[in-house]
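Examining the three-dimensional arrangement
Residues per chain are reported as follows:
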Amino acid sequence: MPTEIARLDLFLRRRSLIGYSLGMAVYTLVVVALYPAFEHSTSLDTLVKNDATVSALFGVTGTLSTPGGWLNGNIYANFLPLLMLLLTIGYGAASLAGQDEDGTLCLIAALPVRRATVVVEKAAAMALQAATLAAAVAVFVLIGRFFDVTVSVANVASISATTLLLGLDFGLVTMAIGARTGSRATALGAGTALAAASFLLGSLASVVSWLHPARFASLFYWSVADNQITRGASLADYAVLLAVALAALYAATLSFRRLDLH
Amino acid sequence: MSTAAIETSLLGKTYGETRALVELSVRVEPGQVFGFLGPNGAGKTTTIRMLLGLQRPTTGEAQVLGLDAWAESVEVHRRVGYLPGELALYPRLSGRQHVDRFARARGERDLSFAGQLCERFAVVLDRPARELSKGNRQKLGLVLAFMHRPELLILDEPTSGLDPLMQDEFERLVRETVAEGRTVFLSSHGLDEVQRLADRVALIRSGRLVATDTVESLRQSTPLRIEARFRRPVEPDLFAHLEGVTVGARDGGRITLQVTGPIAPVLTAIAERDPVDILSRHADLDELFLELYREPAAEDARAD
């Protein structure tokens, strides 16, 4: 069956995926349920309004007391991307280099499937895991309507998609590094370092004036840090994130075709 | 000439500065059991990985069933069954899940032969692989390699961890397989199973081919071992000067000689000393292989 490799990996990771999604869903529910207690808090708004550094720290572009600001500051600008990257970078490092080190990849690689197909199926498994996490959060954000957290369905869908793509970008870059080096540790280290650098750049660029033009180099800017929750993601956001994902997928495929397996 | 099941030509693999395999040229005919022998680290596993297109040759080429092992690996994999030397299963998958999922991945719908194999090898199907003993994991690996009835089986240390009963069952399965015209390429560092099963063997050491022949020819090429008993102790010098004679163990009137040269002068020399008993046979293949395995320690460092 053509999807068996993806199905196998999803089956093997089902427990951690359920754990990630359930944990994030419960966290989201708590965040939206707490919103009514903070919605009229002027001190919170003063805090971020008068100090751009604090604002950047929370990833808030407007006020914290608006539904969009509240979701940004508590979920989309920090916690969800962090969990998303843990999931995708972890899988990116494990899916090729990690399984090769474990010795299980040779069973897959000895099947009558092209190596490019193996990479594409694993990328699809990564996308499905990321989509599950993003969807679990989105559902509970929409439940937030019952707690006055009113954001448009389109914007929630939009930022869920860009968060998913952000995870895919770094996950696939990690996978490509693993396919190039055959080392899980190298892939994990390099993928995490790139994501941390990108996050730092995105955060600092909004408060350090001379770094401001560099914000475009951060994938966080194109996914969650440019107020996508209130304005919706633009075509440019999608295009950049998708282009990086496709380039990383291509690099992973090329590298894996040349990798000596064990 | 029919298409070889396996044919390598000057096949070589280098890892950094280490030459793991050097200009290996072997041909395996269809319908044979071919034994691939060598000590640990000789380059057997490296060769197998290149035959399966898991690793790319540094030099030379490998053809499997007439296909380029690297460039046409998908078709090779369709027609080949593989048991890795260091079999790693998915720890949380049960035996049954392994069989079902790998059969589906191969597009196999009929699992009746896989079921028969599981019965023959008494495979534990309902426990996760992490709870299985080495032998039980190996039996599962054999089922995964044989279950799609491939034209060629490439088995790396297949009886590792199997008890004697299961080794017998494995040997029966191999004989049935070649009786159907299929081919088995069997890598091992142990001689016993190879000399029982193999039609031909190749021996590699430090990445280089040392010998390739039929088991019977190799046996014939071993030195003649003559054990003679005399009424009185004899001086070894009487035999040591003869061409192609090495004097072995000596105990009173008993002496053991290894003869690679002409036998008539040896028999004459024995006859002149009033022998009471004489026993002559070719040396065990084990001895030949131990001799072939032996090499200067400096050459030993090889990747496998």
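Right above here is the structure, for reference.
Attention in this report is confined to the structure presented alongside it.

Time to look at empty space enclosed by the protein. Tallied over the entire structure, the rule returns two cavities of 30 Å³ or more. Considered as a void within the structure, the largest cavity measures approximately 150 Å³ in volume. Of all the secondary-structure elements, those providing two or more residues to the lining of the largest cavity are β7 (80-83) and α5 (134-146) of chain B. Looking at the lining of the largest cavity element by element, the count peaks at four residues for β7(B). A breakdown of the residues in the lining of the largest cavity according to their chemical character gives 12 nonpolar, three polar and one charged. In this structure, the second largest cavity occupies an estimated 40 Å³ of space. In terms of lining, the second largest cavity is formed by A:Glu4, A:Leu8, A:Ile108, A:Leu111, B:Arg101, B:Phe102 and B:Ala105. Those elements giving two or more residues to the lining of the second largest cavity turn out to be α1 (4-12) of chain A together with α3 (95-105) of chain B. Its residues assigned to classes, the lining of the second largest cavity comprises five nonpolar, no polar and two charged.

Per the stated rule, a full pass over the model turns up 22 salt bridges over all chains. Across the pair B:Lys13 and A:Asp260 runs a salt bridge, and its minimum N-O distance is 2.6 Å. Taken together, the residues span two chains, with B:Lys13 in strand β1 (residues 6-15) and A:Asp260 in the segment after α13 (235-258). When its relative accessible area of 5% is taken as the criterion, B:Lys13 is described as buried. Taken together, the shared-partner salt bridges in this structure form one network comprising A:Glu4, A:Arg7, B:Arg101 and B:Arg104.

Further remarks concern the pairing of strand β2 (residues 18-24) of chain B. Residue and element names in this part refer to chain B. Two elements, β1 and β2, share four bridges in a ladder whose sense is antiparallel. Looking at the pairing, Thr14 lines up with Arg19 of β2. Where β1 hands over to β2, the hairpin turn is made up of two residues, of which Gly16 adopts a positive phi near 60 degrees.

All names here are of chain B. Between its first and last C-alpha atoms α5 spans 19 Å; for 13 residues at 1.5 Å apiece the expected length is 18 Å, and the two agree. Most of α5 is tucked away, with 11 of its 13 residues classed as buried. Looking at the buried side of α5, the elements it contacts are β7, α3, α4 (112-120), β8 (152-156) and α6 (164-179).

Residues and elements named next belong to chain A. In this fold, Arg215 is placed in the loop between α10 (184-205) and α11 (219-223). Of the side chains with opposite charge, Asp226 comes closest to the buried, unpaired Arg215, at an N-O distance of 6.0 Å. Beyond its immediate stretch of four places on either side in the chain, Arg215 contacts Ala205 and Tyr221.

Our focus in this paragraph is the nonpolar core. Core analysis: the largest hydrophobic core is formed by 150 residues, its most contacted members being A:Tyr76, B:Ile154, B:Phe170, B:Phe185 and B:Phe289. For B:Ile154, the contacting residues outside a window of four places in its chain are B:Ile6, B:Ile48, B:Leu51, B:Leu52, B:Val80, B:Gly81, B:Tyr82, B:Leu83 and B:Phe185. Residues B:Phe230, B:Val259, B:Ala269 and B:Ile270 belong to the second largest nonpolar core, which totals 14 residues.

Here we come to the interface of chain A and chain B. Counting residues at the interface gives 27 residues for chain A and 26 residues for chain B. Surface buried jointly by chain A and chain B totals about 2500 Å² across both partners, of which 62% is contributed by carbon and sulfur atoms. Residues B:Arg104 and A:Glu4 are paired through a salt bridge, measuring 3.1 Å at the closest nitrogen-oxygen approach. Where chain A meets chain B, there are 12 residue pairs in polar contact (both at pLDDT 80 or more). Where the side of chain A that touches chain B is concerned, the elements lending two or more residues are α1, α6 (79-102), α7 (105-109) and α13 of chain A. No other element matches α1(A), which puts five residues into the side of chain A that touches chain B.

In this structure the tally under the stated criterion is 12 aromatic pairs over all chains. When the centroid spacing of 5.0 Å and the interplanar angle of 25 degrees are considered together, the rings of A:Phe38 and A:Trp70 count as stacked. Of this pair, A:Phe38 sits in helix α2 (residues 14-38) while A:Trp70 sits in helix α5 (residues 67-76), and the two are 32 residues apart along the sequence. Classification of A:Phe38 as partly exposed rests on a relative accessible area of 31%. Accessibility expressed as a relative area gives 7% for A:Trp70, which makes it buried. Ring plane angle 35 degrees and centroid distance 6.3 Å describe the contact between B:Phe230 and B:Phe239, whose orientation is recorded as tilted. For B:Phe230, a relative accessible area of 5% translates into the label buried. Looking at B:Phe239, the relative accessible area reads 0%, which means it is buried. Linked through ring pairs, A:Tyr35, A:Phe38 and A:Trp70 together constitute an aromatic cluster. Lying over the aromatic face of A:Phe256, A:Arg115 brings its terminal NZ or CZ to 5.4 Å of the ring centre. The aromatic ring of B:Phe113 is capped on one face by B:Arg149, whose charged end is 3.9 Å from the ring centroid.

Attention shifts here to the sheet that holds β8(B). Residue and element names in this part refer to chain B. Read across the open sheet, the six strands follow the order β7-β8-β9-β4-β10-β11; overall the sheet is mixed. Of all strands in the sheet, those bounded by a partner on one side alone are β7 and β11 (208-214). Between one strand axis and the next, the sheet turns by 15 degrees as a mean value, whatever way the strands run. Relative to β8, β7 is paired through four bridges, and the arrangement is parallel. Paired with Leu83 across the strands is Leu155, a residue of β8.

Before going further, it helps to spend a moment on the environment of B:Ser221. You can see B:Ser221 is positioned in helix α8 (residues 215-221). B:Ser221 sits 53 residues away from B:Asp274 along the chain, and the two C-alpha atoms are 29 Å apart.

Attention now moves to the sheet that holds strand β13 (residues 245-251) of chain B. Residue and element names in this part refer to chain B. If you trace the four strands from one edge of the open sheet to the other, you get β13-β14-β12-β15, paired in antiparallel fashion. Unpaired on one side and paired on the other, β13 and β15 (275-282) mark the two borders of the sheet. Neighbour-to-neighbour, the strand axes of this sheet turn through a mean angle of 20 degrees, independent of strand direction. Strand direction decides the pairing type here: β13 and strand β14 (residues 254-259), joined by five bridges, are antiparallel. Among the inter-strand pairings, Val245 is bridged to a residue of β14, identified as Val259.

Let us look at the side chain of B:Gln55. Among the secondary structure elements, B:Gln55 is positioned in the loop between α1 (44-51) and β5 (59-64). A polar contact is formed between the side chain of B:Gln55 and the side chain of B:Tyr15, at a distance of 2.4 Å. Not counting the four nearest positions on each side in its chain, B:Gln55 is found in contact with A:Asp260, A:Leu261, A:His262, B:Lys13, B:Tyr15, B:Thr46, B:Arg49, B:Met50 and B:Trp70.

Procedures and definitions
- Residues numbered from 1 in each chain as written.
- Chains lettered and ligands numbered in written order.
- Predicted model: local features only at pLDDT ≥ 70, side-chain atom pairs only at ≥ 80, totals over all residues.
- Heavy atoms only, no water.
- 1 Å grid on protein atoms, 1.4 Å probe; cavity = no way out; pocket = protein on both sides within 12 Å on 5 of 7 lines; lining within 4 Å.
- Points joined across faces, edges and corners; volume = space filled by probe spheres on them.
- Helix = DSSP H or I, 4+ residues; strand = E, 2+ residues; numbered from the N terminus.
- Nonpolar A, V, L, I, M, F, W, Y, C, P; charged D, E, K, R; others polar.
- Salt bridge = Lys/Arg side-chain N within 4 Å of Asp/Glu carboxyl O.
- Buried < 20%, exposed > 50% of the residue type's maximum accessible area, 1.4 Å probe, protein only.
- Pairing = 2+ DSSP bridges.
- Expected span 1.5 Å × (residues − 1).
- Contact = heavy atoms within 4.5 Å.
- Lys, Arg positive; Asp, Glu negative; His and termini not counted.
- Core = buried A, V, L, I, M, F, W, Y, C linked by side-chain atoms within 4.5 Å.
- Buried area = accessible area lost by both parts, 1.4 Å probe.
- Polar contact = N/O pair within 3.5 Å; in protein donor to acceptor, adjacent residues only side chain to side chain.
- Phe/Tyr/Trp six-rings, centres within 6.5 Å; stacked < 30°, edge-to-face > 60°.
- Lys NZ or Arg CZ within 6 Å of the ring centre and 35° of its normal.
- Axes fitted to C-alpha atoms, helices over the stretch in contact; angles between N-to-C directions.

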